[in-house]
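Inside the fold
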Amino acid sequence: MAAFVAVLITVIAAGFFFLSRRKAVLVSGGVLASLHSRPGYHGFYSFLWVTLFGAGALLVFTNLSLHPALALGVAAIAGIASSLNIRAETRARNKSEKIVTGILFACAGVAVLTTIGIVLSLVFETYNFFESIGWRVDKFLFGPRWSPLSGLQDGVIDPDRVGIMPLLLGTAMITGIAMLIATPIGLFAAIFLSEFASLRLRGWVKPMMEVLAGIPTVVYGFFAAITVAPFLRDTGGLFGVNVASESALAAGLVIGIMIIPSISSLADDVINSVPQSLRDGSYALGATKAETVRQVVLPAALPGIFSALLLGVSRAVGETMVVVMAAGQGANLTANPLEAVTTVTVQIVMLITGDTDASTAAGPAFSLAFTLFCLTLVLNILAMRFVRKYREVYE
Amino acid sequence: MIKMKTRNVDVFYGENHAIKDVSIDILDKTVTAFIGPSGCGKSTFLRCLNRMNDTISICRITGELLMDDEDIYAKSVDPVQLRARVGMVFQKPNPFPKSIYDNVAYGPKIHGLVDNKSDLDEVVEKSLKRAAIWAEVKDRLNESGTSLSGGQQQRLCIARAIATAPEVLLMDEPASALDPIATAQIEELIDELRHRYSVVIVTHSMQQAARVSQKTAFFHMGDMVEYGDTTEIFTNPVDQRTQDYITGRFG
């Protein structure tokens with residue numbers, strides 16, 4: 001019903017657009033230049049009035065359980081009022097532009113408000129959780145044991161069982177392995193594509209890399225669990241090394257491969273944006289292509305490359321699916337990449353999708369999310385500082 | 001003394017015949033100016049002299065280009081080595097995003113011209129002095145080259161080109177992006193440089209050509225119309241097109 005009314009309001013708005021435009025022409029008495037605003041702006045102004053008032057009324061009336069069709073009346077009144085107001089000197093152009101600016105502002109506001117809302121809910125839930133463990137934040141941050149929901153009585157959480165150290169170490173280890181793979185391969189691929197590949201080859205390879213970046217992570221996840229992890233285990237067995245069938249190494253390897261395209265695609269753009277004049281300057285001094293890339297292009301592109309790498313790090317830190325499938329769920333405090341580990345994001349999934357009462361599980365889950373948020377925020381701030389300090393501005 | 005000699009040089013950009021049958025002798029320790037209306041091929045021809053056109057795949061060059069009577073397009077010549085002997089300064093200053101010192105040290109380092117730090121210091125200082133910018137930057141050699149003003153950047157680029165000890169210095173409208181004061185400084189510098197190097201300068205400003213050069217070549221639609229002493233070209237041109245151009249009737 002409401003949807004039908006919304007369509008009708010749009011139709012009415014379109015009608016008033018033509019009506020007001022026509023009226024503006026009549027008001028001008030045939031001399032269009034005597035109008036302050038072109039007829040189209042008068043029409044557009046009426047259109048805006050009808051849609052805004054109509055949509056507003058529709059929202060209010062449905063919430064008050066009034067009949068939605070009443071909104072049609074409001075829309076029509078708004079339309080009539082705006083078209084009655086049309087005179088030669090009406091500044092319909094300025095007014096409608098102001099309204100559009102307001103709409104744009106509101107859209108930007110949605111993103112900002114959502115962010116603020118999320119952060120606030122994280123902060124409050126984390127506060128409540130810390131209160132319930134008697135403000136033993138030290139045990140939360142540095143405790144070696146994570147099993148918040150085991151031996152739970154009456155929903156009281158034991159501070160000794162909520163140490164996130166194993167999760168942080170697991171996250172760090174998997175991210176580290178992933179970056180060890182992705183940094184060299186991603187960067188070298190970007191350098192090859194932007195400096196050495198022929199235009200034709202580049203036209204082939206770059207879109208393919210972007211397709212690779214678009215593959216859902218769950219696909220990488222079962223690839224890791226079904227192919228890579230058993231392969232690592234069997235290979236380890238050949239050499240007498242004990243590799244767990246779910247290991248940090250398997251997850252790290254696959255995440256590394258997964259983020260190669262994002263790193264190389266971004267780094268390639270950055271390298272391409274280094275002005276040709278710098279390369280020419282280097283060639284003119286008798287430098288070879290390799291010397292030019294190494295000593296002029298890469299240093300100039302360094303801040304951008306750094307942010308490309310950082311994007312890779314945040315993707316690796318936030319990655320969940322691959323780790324759930326390939327690295328296990330047990331919170332092991334270990335520095336051995338051949339064993340099963342777990343990460344912050346995986347534990348959030350476990351808490352929320354587990355069968356424990358949501359109100360009990362939410363506390364640890366939100367505080368994990370808050371920790372993760374703080375970590376990535378610090379990373380981003382550091383990176384921004386670095387980039388700003390070393391960035392060169394080219395015309 | 002003739003430093004560079006070209007005979008019957010033609011340049012093609014794909015289908016476009018950009019330079020038609022140009023033969024010219026460029027003298028040592030002389031400033032030679034290439035003038036002509038936009039698109040006449042003077043910059044293209046300049047870039048043949050240090051093989052910068054090699055980086056453009058559709059560009060094809062025929063004819064003979066000699067430096068000290070050696071063919072610079074011979075198979076045995078490495079364009080990378082050639083460019084160390086024929087330096088180039090561009091229209092827009094393009095200092096590397098490195099320190100002032102490293103900008104100048106770049107060439108000597110990659111060519112292994114020096115083997116210790118104190119020699120390198122000496123080369124850097126000498127080059128900056130010859131480019132008439134030493135006094136302004138001697139206390140801030142570690143600052144970024146891009147922090148300098150436009151005119152200073154261009155002199156830094158000249159210092160950078162000088163540091164590889166070139167024999168010929170090509171300048172592609174080196175002052176066109178600069179204000180009149182910086183332009184005057186660059187012109188004064190060019191006059192200094194001619195005591196050591198053979199300088200070839202492309203310029204849009206006929207006054208500049210008249211002020212700094214001893215020889216002038218006039219290009220028009222890919223042809224080199226006229227070449228001779230600068231005073232002759234400007235006071236007593238032989239060709240009608242040259243006369244029209246220098247009197248401002250077209251261009």
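Description of the structure in this document. Quantities reported herein were computed from a predicted structural model and do not represent experimental measurements. (Residues numbered from 1 in each chain as written. Chains lettered and ligands numbered in written order. Predicted model: local features only at pLDDT ≥ 70, side-chain atom pairs only at ≥ 80, totals over all residues. Heavy atoms only, no water.)

Per the stated rule, a full pass over the model turns up 15 aromatic pairs over all chains. For the ring pair Phe17 of chain A and Phe18 of chain A, a centre distance of 5.2 Å and an interplane angle of 80° mean the geometry is edge-to-face. Taken together through their ring pairs, the aromatic side chains of Tyr127, Phe129, Phe130, Trp135 and Phe140 of chain A make up a single cluster. A cation sits over an aromatic face here: Arg160 of chain B above Phe96 of chain B, 4.1 Å from the ring centre. Over the face of the ring belonging to Tyr227 of chain B we find Lys215 of chain B, whose NZ or CZ atom lies 5.7 Å from the ring centre. (Phe/Tyr/Trp six-rings, centres within 6.5 Å; stacked < 30°, edge-to-face > 60°. Lys NZ or Arg CZ within 6 Å of the ring centre and 35° of its normal.)

Residue and element names in this part refer to chain B. Burial analysis of strand β8 (residues 198-202) places five of its five residues in the buried class, the great majority of the element. Here β8 shows two buried faces, one formed by Ser198, Val200 and Val202 and the other by Val199 and Ile201. Here strand β3 (residues 31-35) runs beside β8; their pairing, made up of four bridges, is parallel. Looking across to β8, one finds that Thr32 is bridged to Val200. Of the pairings in the sheet, the one linking strand β7 (residues 168-172) to β8 comprises five bridges and is parallel in character. Residue pairing for β8: Leu169 is matched across the bridge by Val199. Remark: the β7/helix α7 (residues 180-193)/β8 crossover connection has right-handed handedness. (Buried < 20%, exposed > 50% of the residue type's maximum accessible area, 1.4 Å probe, protein only. Helix = DSSP H or I, 4+ residues; strand = E, 2+ residues; numbered from the N terminus. Pairing = 2+ DSSP bridges. Right-handed = clockwise from strand over helix to strand, strands pointing away.)

Residues and elements named next belong to chain A. Counting residues in each nonpolar core, the largest one holds 49 residues, and the members touching the most others are Ile174, Ile255, Val322 and Leu368. The element contributing the most residues to this core is helix α9 (residues 248-272), with nine residues. Sequence-distant contacts of Ile174, defined by excluding residues within four places in its chain, comprise Ala248, Ala251, Gly252, Ile255, Val323, Ala327, Val341 and Thr343. (Core = buried A, V, L, I, M, F, W, Y, C linked by side-chain atoms within 4.5 Å. Contact = heavy atoms within 4.5 Å.)

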